[in-house]
Amino acid sequence: MASDRIIAAIDIGTTKICVLVGRVTQGRPIQILGTGIMPANGLSKGVITDIEQASESIREAIRKAERPSGYTIRNAYVSVGGAHIGSQNCDGVAAIGRGDRPIIRDDLDRALENARAIPLSHNRQILHSIPREYTIDEQRNIKNPLGMIGYRLEVEAHVITGSRTAIQNIVRCVEDNNVQTAEIVLQPLASCEAVLTDDERRQGVALIDIGGGTTDLAIVFGGGFWETKVFPVGGNHISNDIGWALHVPFPAAEDAKVRYGHAVASEVPESDMLEMPVFGGEGHQRFSRRQLCQLVEERVTEMFEMVHKHVHDVGVADYLAAGIVLTGGCSDLSGIRTVAERVFGMPVRLGSPQSMAGRFESLTNPKFATAVGLLEWGRKKALAEPTVTPEGEAGPDGGFWWWLRSALNRLAP
Ligand SMILES: Nc1ncnc2c1ncn2[C@@H]1O[C@H](COP(=O)(O)OP(=O)(O)OP(=O)(O)O)[C@@H](O)[C@H]1O
Ligand SMILES: [Mg+2]
């Protein structure tokens, strides 16, 4: 397999579209060749609500990323979010026969197919089925069963589903721009790729990506995904609260939140004042900054309490030795880490994508976690090499890999 690939990522967020083009090479950091970041129109809470507007925003971001890269994007890894996402943990089994041959990829696929056999209503589809670990006969905790001998292969998998129409709308917006989707990837899964360390994944961590329209949760331990969830609340709700309570237009409330917001109101001096335009008034009106920050603190606390409750409800709170990693644009809010520590009572760190090769340093902002993570996700897929290819097995040249490789090859200069 070639060791050098050009791949593209399209993160479709509620507030911004971020398109990245990167060169991926075995053993080296991704080299960013082009970025296109445009405000997102036609989206609400992570879901497309106006196809034409969303398509147009995506088109502009694609063109912007293509220019400096010198490539035309024909194929991309694309993100999906929204509260329609559901997830569950499922087991699947495959009989290997008389235990006289090594396990091949087809056995893994059969076990996973069995795990995917869940009842689904007509408007839902499976987005991901991610193997977490395998059991061969009585032996548990096997990460890579290829080449091993056994009678019965069991897989534990995390299966993620989504609304068929919401996913089709994303595909359509991308295809309208002559770009095929290499894969649709759930946003928090991509963010995990960009910001989590291997130790955190092993020992247990909850990634919380707080964007403009959604708060995404992914719980990882033992190296595998255990829970994923998208809550339809994000930074826009904080700005909305400010707008409603103080009668300020949304853009001014948003600007004030970013410039003066603090999630711990008591840390802001009582004497600090700021000016904002108000509805029905002329010119600007003076407000206490602490009053603004109280609104911010209330909403941020409520958001974390909602996530905290869910983490407890699904019974994984005791498995998070590495605590919480916050990312997404909203994690840039001053004081947010303190509130998370208060609500969760565990270690919290802020997670940003690592700096990448190329000229685009600004991608280290946490709002780019999903886009950078999509490229990392794509890199793993594009450069994947099986560690074991038993005789007679198709290996990477079979089915999906052949399709993916030929699809990626269409990303031509
Ligand atoms: N310094 C900051 N302080 C407070 N909020 C910030 C700051 N920087 C960005 N934000 C907020 O982050 C949010 C945007 O984050 P992000 O770009 O991750 O969202 P998105 O990916 O477009 O949306 P989503 O993932 O929810 O669909 C906005 O609400 C914005 O106001
Ligand atoms: Mg996002």
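Residues numbered from 1 in each chain as written. Chains lettered and ligands numbered in written order. Predicted model: local features only at pLDDT ≥ 70, side-chain atom pairs only at ≥ 80, totals over all residues. Heavy atoms only, no water.

A. Just the confidence of the model for the protein chain, in detail. Chain-level pLDDT for the protein chain is 91 on average; 91% of the residues reach the 70-or-more range. When the criterion is pLDDT under 50, residues 386-413 qualifies, and its contacts beyond four places in sequence or with other chains add up to 47 contacts. (pLDDT = per-residue confidence, 0-100. Contact = heavy atoms within 4.5 Å.)

B. Seen up close, the site of ligand 1. Lining the immediate surroundings of ligand 1 are 20 residues, of which Thr 14, Thr 15, Thr 214, Glu 254 and Lys 257 lie closest. Within the backbone of Gly 213, a nitrogen or oxygen atom sits 2.9 Å from an oxygen atom of ligand 1. Interatomic distance of 3.2 Å between a backbone N/O atom of Cys 330 and an oxygen atom of ligand 1. Protein chains bury 90% of the 660 Å² of accessible surface belonging to ligand 1 in isolation. Judged by the fraction of its atoms near the pocket grid, ligand 1 is located in the second largest pocket. Going through the elements one at a time, helix 6 (235-246) and helix 7 (250-260) are the ones with two or more residues in the shell around ligand 1. At three residues, the largest contribution of residues to the shell around ligand 1 is made by helix 7. Across the shell around ligand 1, the residue classes break down as three nonpolar, 12 polar and five charged. (Near = heavy atom within 4 Å. Polar contact = N/O pair within 3.5 Å; in protein donor to acceptor, adjacent residues only side chain to side chain. Areas by Shrake-Rupley, 256 points an atom, 1.4 Å probe, with all protein chains shown as cover. 1 Å grid on protein atoms, 1.4 Å probe; cavity = no way out; pocket = protein on both sides within 12 Å on 5 of 7 lines; lining within 4 Å. Sits in = over half its atoms within 2 Å of the grid points. Helix = DSSP H or I, 4+ residues; strand = E, 2+ residues; numbered from the N terminus. Nonpolar A, V, L, I, M, F, W, Y, C, P; charged D, E, K, R; others polar.)

C. Structural view of helix 9 (residues 336-344). Buried within helix 9 are the following residues: Ile 336, Val 339, Ala 340, Val 343 and Phe 344. An end-on view of helix 9 places all buried positions within 115 degrees of arc, on one side of the element. Buried residues along helix 9 sit against strand 12 (205-210), helix 8 (289-313), strand 17 (324-327) and strand 18 (348-350). Just downstream of helix 9, Gly 345 is the residue with a positive phi angle, here 60 degrees. (Buried < 20%, exposed > 50% of the residue type's maximum accessible area, 1.4 Å probe, protein only. Arc of directions from axis to C-beta.)

D. Main features of the nonpolar core. Ranked by internal contacts, the top residues of the largest apolar core, which has 69 residues, are Ile 10, Ile 12 and Ile 17. When residues in this core are grouped by element, the largest group, eight residues, is from helix 10 (residues 369-383). Apart from the residues lying within four places of it in its own chain, the contact partners of Ile 17 are Ile 10, Asp 11, Ile 12, Gly 36, Ile 37, Met 38, Ala 40, Leu 43, Ser 57, Ile 58 and Ala 61. The next biggest cluster of nonpolar side chains, apart from the first, holds 46 residues, and it includes Ile 242, Val 248, Ala 253 and Val 343. (Core = buried A, V, L, I, M, F, W, Y, C linked by side-chain atoms within 4.5 Å.)

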